[in-house]
Amino acid sequence: MFYRTMLLACLTISAMNQVSAQEDLIVPQQYNQITASDAGMCGYETQNSSCGQQFCCVPNEAYGLHRTSIFGDYLFLTARQQDLDYATPVDGTTNTAVPVGQTSVVNPGYRSGYRVGGTIAMDDCTSLYFAWTDFDSEATNQTALPGGSPQPNAFLRSELVHPNTLDVAVDSLAAAAIYGIRFQTADAAYQKRIFGDCNSRMNASLGFRYGGLDQDLRSREQILGAVQVNSDIDFKGYGPRFALDYEQCNDLGLLFYTRGGLSVLAGRFDASYQQTSIFAGQQARAGISEDRLVPQFDLELGTGYQSANGRFRATVGYMYGIWGNVVTMPGFIDGVQADAVRGVSDTLTFDGLAVRAEIRF
């Protein structure tokens, strides 16, 4: 009886060991959908069974696998330090007149824009990225003085006309200006995962960017009759772009992201200035056409949510877009008035909110 009992116990232990060995082979496959070769190619860290259950935003899947997708962004941006002075109240009509009030300014301010695009997945680790961004900002401002206000003998001096022409007269009591800034970019890039684990990943992308920048000014002032100043600055450029995109997600579907990119656009600035009078005709004209390299830097930081199956994502972030070595309208007007338009260079910065909705397939 004793020997039979011992034999039965040995057979039972042997069977349990075989079942355990089979489970060791099955469990990693159940929670690990990426093979060892795929993990090495994508930069994934080695996963275990707990990864698929506890940490992945999408259960049983490593975070951030490349998928075909489409997205749309709502942008609410402003152009920084682009205030344009156009008229100042002064106490007389001579060159010795001094300011007696606040200078009138036109500033594009915050306006809406959009960005649309998508990705085409080549495999779990790589994809093609496309995007189009359009932002248009325009502002109008006007001012007027009743005779003798804010002080007796107060008039408006133009801040936009050429200084060698008359900038204030006894009828200089009204002025208005319209100022607009618009930019467009088109991106095409190859994206590749460079590392990732259960709840984070980083992609690097190398591609190409088109960038267009337009600035327009229209002003009208009363200086011995209507005087108009019209100015346009246009730029179109093309160049390479390199970007990094990092995300981290928790088990509730909340994600945090940082995106940054650098582009160098080779293009041409065409800028023109024209001042005309209803009585005297053309009073001043200037312009430049210059080839330039324009560096661009983009940065966006934010948070969002991803659905349990990873098909839908919504994010909100704050973005910065910096254009270097550009001709800005305030700088160009200053150059025209100083008779030194060649070599005018400045930095143009856009910043504001970016809200995205994305569907992945």
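Please read these numbers as outputs of a predicted model, since none were measured by experiment. (Residues numbered from 1 in each chain as written. Predicted model: local features only at pLDDT ≥ 70, side-chain atom pairs only at ≥ 80, totals over all residues. Heavy atoms only, no water.)

A. Broad picture of the packing of aromatic side chains. Scanning the model with the defined rule gives eleven aromatic pairs in all. Centre to centre, the rings of Phe 76 and Tyr 110 are 5.3 Å apart; their planes meet at 20 degrees, and the pair counts as stacked. Remark: Tyr 110 occurs in the loop between strand S3 (104-106) and strand S4 (111-121) and Phe 76 occurs in strand S1 (residues 69-80); sequence separation between them is 34 residues. Looking at Phe 76, the relative accessible area reads 32%, which means it is partly exposed. By relative accessible area, Tyr 110 is classed as partly exposed at 35%. A ring pair is formed by Phe 208 and Tyr 238, whose centres lie 6.3 Å apart and whose planes are at 20 degrees; its orientation type is stacked. Pair noted here: Phe 208 is in strand S8 (residues 200-222) and Tyr 238 is in strand S9 (residues 226-249), with a separation of 30 residues, a long-range link. You can call Tyr 238 partly exposed: its relative accessible area is 44%. Grouping aromatic residues by their ring pairs yields a cluster made of Phe 135, Phe 183, Trp 323 and Phe 350. Between Arg 259 and the ring centre of Tyr 257, over which it is positioned, the NZ or CZ distance is 4.1 Å. The lysine or arginine in question, Arg 356, covers the ring of Phe 71, its NZ or CZ lying 3.8 Å from the ring centre. (Phe/Tyr/Trp six-rings, centres within 6.5 Å; stacked < 30°, edge-to-face > 60°. Helix = DSSP H or I, 4+ residues; strand = E, 2+ residues; numbered from the N terminus. Buried < 20%, exposed > 50% of the residue type's maximum accessible area, 1.4 Å probe, protein only. Lys NZ or Arg CZ within 6 Å of the ring centre and 35° of its normal.)

B. View of the pairing of strand S11 (residues 281-306). One ladder, built from 24 bridges, connects strand S10 (residues 254-277) with S11; its direction is antiparallel. Across the sheet, Arg 259 pairs through a bridge with Glu 300, a residue of S11. In this structure, the hairpin formed by S10 and S11 is closed by a connection of three residues. Across eleven bridges, the pairing between S11 and strand S12 (residues 312-326) is antiparallel. Pairing of Glu 300 across the sheet is with Met 319, part of S12. Between S11 and S12, which pair antiparallel in sequence order, lie five residues; one of them, Gly 310, sits at a positive phi of approximately 75 degrees. (Pairing = 2+ DSSP bridges.)

C. Local environment of the sheet that holds strand S6 (residues 155-158). Strand order in this open sheet of three strands is S3-S2-S6, and the pairing throughout is antiparallel. A single partner strand is all that each edge strand has here, and the edge strands are S3 and S6. On average, adjacent strands in this sheet sit at an angle of 25 degrees to one another, irrespective of strand direction. Alignment of strand S2 (residues 84-90) against S3, held across three bridges, turns out to be antiparallel. Residue Asp 85 lies in a different strand from S3, and its bridge partner there is Val 105. (Axes fitted to C-alpha atoms, helices over the stretch in contact; angles between N-to-C directions.)

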